[in-house]
There are 2 protein chains.
Amino acid sequence: MILIKLGGSIITNKSRKTSPRKKAIDAIAKTLAGIREPIILVHGGGSYGHYWSVKYDMHTKPEKYDIEGVAKVKNSMVELNKIILDALQKNANHPYCVQPACFMNTDKPMRNKIKEIGEISKTGMIPVTYGDALWHGKKTYILSGDSIMGHVAKVLRPRLCIFAMNVDGLLNSPNGELIREYSQQVPTMPGSDKDVTGGMMRKVKEAKRISQYGIRVFFVNGNKPDRITKAIKDSKFHGTIFRGKRRV
Amino acid sequence: MILIKLGGSIITNKSRKTSPRKKAIDAIAKTLAGIREPIILVHGGGSYGHYWSVKYDMHTKPEKYDIEGVAKVKNSMVELNKIILDALQKNANHPYCVQPACFMNTDKPMRNKIKEIGEISKTGMIPVTYGDALWHGKKTYILSGDSIMGHVAKVLRPRLCIFAMNVDGLLNSPNGELIREYSQQVPTMPGSDKDVTGGMMRKVKEAKRISQYGIRVFFVNGNKPDRITKAIKDSKFHGTIFRGKRRV
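Presented here is a report on the structure given in the accompanying data block. (Residues numbered from 1 in each chain as written. Chains lettered and ligands numbered in written order. Predicted model: local features only at pLDDT ≥ 70, side-chain atom pairs only at ≥ 80, totals over all residues. Heavy atoms only, no water.)

### Looking at the overall build of chain A
Right, on to step 1. Summing up its helical and strand segments, chain A has eight helices and 11 strands in all.
Right, on to step 2. Expected size for 248 residues packed as a compact globule is a radius of gyration near 18 Å; at 17 Å, chain A falls within 12% of this value.
Right, on to step 3. For chain A, the C-alpha atoms occupy an extent of roughly 50 × 40 × 40 Å along the three principal directions.
Right, on to step 4. Within chain A, the fraction of its 248 residues that count as buried is 60%.
Right, on to step 5. Restricting to contacts in chain A with at least 6 residues of sequence separation, those with at least 24 account for 74%.
Right, on to step 6. Computed over 43 positive and 21 negative side-chain charges, the separation of the two mean positions in chain A equals 3 Å. (Helix = DSSP H or I, 4+ residues; strand = E, 2+ residues; numbered from the N terminus. Rg over C-alpha atoms; globule rule 2.2 N^0.38 Å. Buried < 20%, exposed > 50% of the residue type's maximum accessible area, 1.4 Å probe, protein only. Contact = heavy atoms within 4.5 Å. Lys, Arg positive; Asp, Glu negative; His and termini not counted. Charge placed at Lys NZ, Arg CZ, Asp CG, Glu CD.)

Quick look at the structure:
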């Protein structure tokens, strides 16, 4: 089983409101159709949900956010999700949409519901979920796609986790060299970190956490879908690897 | 609190594949914006999910249905749901999309998750859910919007339930007279009953069940949204009423 996160920056033009990168989505969907192993897909919000969450100043912290903002985040995520579902279907996959509220109870993951997602992936369908605004007892909060990766990986223990992003992986300085294997150094993050949901810093944190379950984590450039295939086939890999090491 | 079901035949042209009735949807969305009371919306599948469930011979009984069919039902429902969400938003409502898998565990409703939907409706947002294909331990089944009405009404006990359909209500014979108040007679059903999810017969069954919780249920013509308003305002009502009577 493989757990894949499609970052908001790879599936959308993050700087432009509701602007999908349809070619990039299509290329990834095509790649996934060639994989003969259960896949679970998580995607970010980019210029859809992420855009609106910034606009309405919504965060991961539960608050009484403007209901107009909550509705906009949620509806725009349905829209982006539909684009992903359509691309998957067009490329001979069988996507199975699962809103995150289906396996989250406020901010607590529901083990049995996440296990269900694993079962669904074993039928050949591809469960697809995404970062979203979630209810939290009279409040709401933003659950990031990256956090979902952590929740799902913890329960399902996939063979590997892939974060597809719009850079080659972790760089040792802005525009610097690729870090091919993550150790404990604190790297300089490429791209903007001004994300509501934490940007690259959050991805590193989640990747470290997941690798501690003994699962390998890859950061790859989603603009080169063959790198996703290579990560899966364990052939020559271009990106950053977090080796699966159990905490002692 | 008011629980409203928009039947597949009112929001889509049931005989034509993926054909929404945008004007009818828009008119209802406009009407709902004028209601100052918590609303929860359920919609059917019509020429989207319902169409595909017929095509792939999927039923309310859990079976190992073709995964292509499951994906088609589910994705087409996301599409129809998005049309409803957009119409609501365009007409100054704040919809909050909730897939049925968020409050169902296989075929069992989850009380706490349904209560959450009630809380969300009290913020002024309109939770919107729909009939869908759901997972049932290595199998799937079709959960109808009508069954959702029963599940939600049982937990939340709304002040009234409205089934908006493309006929005036229950008729005493095909093309016959409107039954203004339902008693125990078995009525002749208008329209086709060859629905995967049971058609009018199912609506009557659910309406009877809901009325036994002491809740009034209205069948109204969704093509005349002012009838929805009148049902809510308790003024001169045109349609069929199931009076809320508790079972002795």
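### Quick word on the pairing of strand E9 (residues 160-165) of chain B
Right, on to step 1. In terms of burial, E9(B) is a largely internal element, six of the six residues being buried.
Right, on to step 2. Neither face of E9(B) is open: one carries Leu160(B), Ile162(B) and Ala164(B), the other Cys161(B), Phe163(B) and Met165(B), and all of them are buried.

### Focus: the side chain of Asn91(A)
Right, on to step 1. One can find Asn91(A) in the loop between helix H4 (67-90) and strand E3 (95-97).
Right, on to step 2. Within the structure, the side chain of Asn91(A) is placed 2.9 Å from the backbone oxygen of Ala87(A), a separation counted as a polar contact. (Polar contact = N/O pair within 3.5 Å; in protein donor to acceptor, adjacent residues only side chain to side chain.)

### Examining a positive patch on the surface
Residues and elements named next belong to chain A.
Right, on to step 1. Side chains of Arg111, Lys115, Lys154 and Arg157 sit close together on the surface and give a patch of like positive charge.
Right, on to step 2. Note on placement: Arg157 falls in the loop between helix H6 (145-156) and strand E9 (160-165).
Right, on to step 3. Relative accessible area serves as the criterion here: at 39%, Arg157 is assigned to the partly exposed category. (Patch = residues over 30% accessible without salt bridge, like charges linked within 9 Å, V, L, I, M, F, W, Y side chains within 5 Å. Areas by Shrake-Rupley, 256 points an atom, 1.4 Å probe, with all protein chains shown as cover. Salt bridge = Lys/Arg side-chain N within 4 Å of Asp/Glu carboxyl O.)

### Here's the deal with the packing of helix H5 (residues 111-122) of chain B against helix H6 (residues 145-156) of chain B
Residue and element names in this part refer to chain B.
Right, on to step 1. Put simply, H5 and H6 touch, their axes get as near as 9 Å, and they point 80 degrees apart. The angle between H5 and H6 places the two elements in the roughly perpendicular class. Here H5 contributes Arg111, Ile114, Lys115 and Gly118 to the contact with H6, which in turn contributes His151, Val152, Val155 and Leu156.
Right, on to step 2. When grouped by side-chain class, the residues that make up the contact of H5 with H6 number four nonpolar, two polar and two charged. (Axes fitted to C-alpha atoms, helices over the stretch in contact; angles between N-to-C directions. Parallel < 35°, antiparallel > 145°, perpendicular 65-115°, else oblique. Nonpolar A, V, L, I, M, F, W, Y, C, P; charged D, E, K, R; others polar.)

### A short note on the environment of Leu143(B)
Residue and element names in this part refer to chain B.
Right, on to step 1. Tracing the backbone shows Leu143 in strand E8 (residues 140-143).
Right, on to step 2. Sequence spacing of Leu143 and Asn166 is 23 residues, and the spatial spacing of their C-alpha atoms is 21 Å.
Right, on to step 3. With sequence-adjacent residues up to four places away left out, Leu143 is seen in contact with Pro100, Met104, Gly131, Asp132, Leu134, Ile148 and His151.

### A closer look at the packing of H4(A) against helix H4 (residues 67-90) of chain B
Right, on to step 1. Packing of H4(A) against H4(B) leaves a shortest axis separation of 10 Å and a crossing angle of 150 degrees. Every pair of crossing elements has a handedness; the one defined by H4(A) and H4(B) is left-handed. Contacts between H4(A) and H4(B) involve Ala71(A), Lys72(A), Asn75(A), Val78(A), Glu79(A), Lys82(A), Leu85(A) and Gln89(A) from the former and Ala71(B), Lys72(B), Asn75(B), Val78(B), Glu79(B), Lys82(B), Leu85(B) and Gln89(B) from the latter.
Right, on to step 2. Of the residues assigned to the contact of H4(A) with H4(B), the class counts are six nonpolar, four polar and six charged. (Left-handed = near helix turned anticlockwise from the far one by under 90°.)

### Re the relation of the copies chain B and chain A
The two chain copies are related to each other by a rotation about an axis together with a translation along it.
Right, on to step 1. Under the fitted operation, chain B is carried onto chain A by 0.0 Å of movement along the axis and a turn of 180 degrees, and the coordinates agree to an RMSD of 0.0 Å. Viewed as a symmetry operation, the transformation between the two copies matches a two-fold axis. Of the C-alpha atoms belonging to chain B, the one lying closest to the rotation axis is found on Cys102(B), 1.9 Å away.
Right, on to step 2. Taken together, the interface assignments show that 100% of the residues at the interface of chain B recur at the interface of chain A, consistent with an identical surface on both copies. (Least-squares fit on C-alpha atoms with pLDDT ≥ 70 in both.)

### Notes on the interface of chain B and chain A
Right, on to step 1. Contacts between the two partners involve 35 residues from chain B and, on the opposite side, 35 residues from chain A.
Right, on to step 2. Taken together, the two surfaces of chain B and chain A that pack against each other cover about 3,300 Å², and 61% of this comes from carbon and sulfur.
Right, on to step 3. Area buried by chain B at its contact with chain A is led by Ile67(B), Asn75(B) and Trp135(B), which between them contribute 21% of it.
Right, on to step 4. Our count for the chain B to chain A interface comes out at four salt bridges.
Right, on to step 5. Lys82(A) is the partner of Glu79(B) in a salt bridge, and the nearest nitrogen-oxygen pair spans 3.3 Å.
Right, on to step 6. On inspection of chain B and its partner chain A, the count reaches 13 residue pairs in polar contact (both at pLDDT 80 or more).
Right, on to step 7. For the side of chain B that touches chain A, the secondary structure elements donating two or more residues are H4, strand E3 (95-97), strand E4 (104-105), H5 and strand E7 (132-135) of chain B.
Right, on to step 8. Split by residue class, the side of chain B that touches chain A holds 18 nonpolar, eight polar and nine charged. (Buried area = accessible area lost by both parts, 1.4 Å probe.)

### Section: the sheet that holds E3(A)
Residue and element names in this part refer to chain A.
Right, on to step 1. The strand order across the open sheet formed by seven strands is E3-E6-E2-E1-E9-E10-E11, and the pairing between neighbours is mixed. The two strands at the open ends of the sheet, each matched to only one other strand, are E3 and strand E11 (240-242). Averaged over all pairs of adjacent strands, the angle between their axes in this sheet comes to 20 degrees, without regard to strand direction.
Right, on to step 2. As paired elements, strand E1 (residues 2-6) and E9 share five bridges and run parallel to each other. (Pairing = 2+ DSSP bridges.)

### Regarding the sheet that holds strand E6 (residues 126-130) of chain B
Note on sheets: strands pair through backbone hydrogen bonds, and any given pair is parallel or antiparallel.
Residues and elements named next belong to chain B.
Right, on to step 1. If you walk across this open sheet you meet the seven strands as E3-E6-E2-E1-E9-E10-E11, and the pairing is mixed. Of all the strands in the sheet, just E3 and strand E11 (240-242) have a single pairing partner and so form its edges. Across the sheet, the mean angle separating the axes of adjacent strands is 20 degrees when strand polarity is ignored.
Right, on to step 2. Judged from the six bridges that link them, E9 and strand E10 (residues 216-221) form a sheet pairing that is parallel. Of the residues in E10, the one forming a bridge with Phe163 is Phe219.
Right, on to step 3. Against the sheet, helix H7 (residues 199-211) makes contact with strand E1 (2-6), E9, E10 and E11, and its axis sits at roughly 150 degrees relative to E10, the strand it touches most.

### Looking at the side chain of Ser19(A)
Right, on to step 1. Relative to the elements of secondary structure, Ser19(A) occurs in the loop between helix H1 (8-11) and helix H2 (22-33).
Right, on to step 2. For Ser19(A), the side chain forms a polar contact with the side chain of Arg16(A), separated by 3.5 Å.

### Observations regarding the pairing of strand E6 (residues 126-130) of chain A
Residues and elements named next belong to chain A.
Right, on to step 1. The buried count for E6 comes to five of five residues, which makes it a mostly enclosed element.
Right, on to step 2. What you see with E6 is no split at all: Ile126, Val128 and Tyr130 on one side and Pro127 and Thr129 on the other are buried throughout.
Right, on to step 3. As paired strands, strand E2 (residues 39-43) and E6 are joined by three bridges and run parallel to one another. By the bridge assignment, His43 is partnered in E6 with Tyr130.
Right, on to step 4. By the bridge criterion, three bridges tie E3 to E6 in an arrangement that is parallel. From the neighbouring strand, Tyr96 faces E6, where its bridge partner is Pro127.

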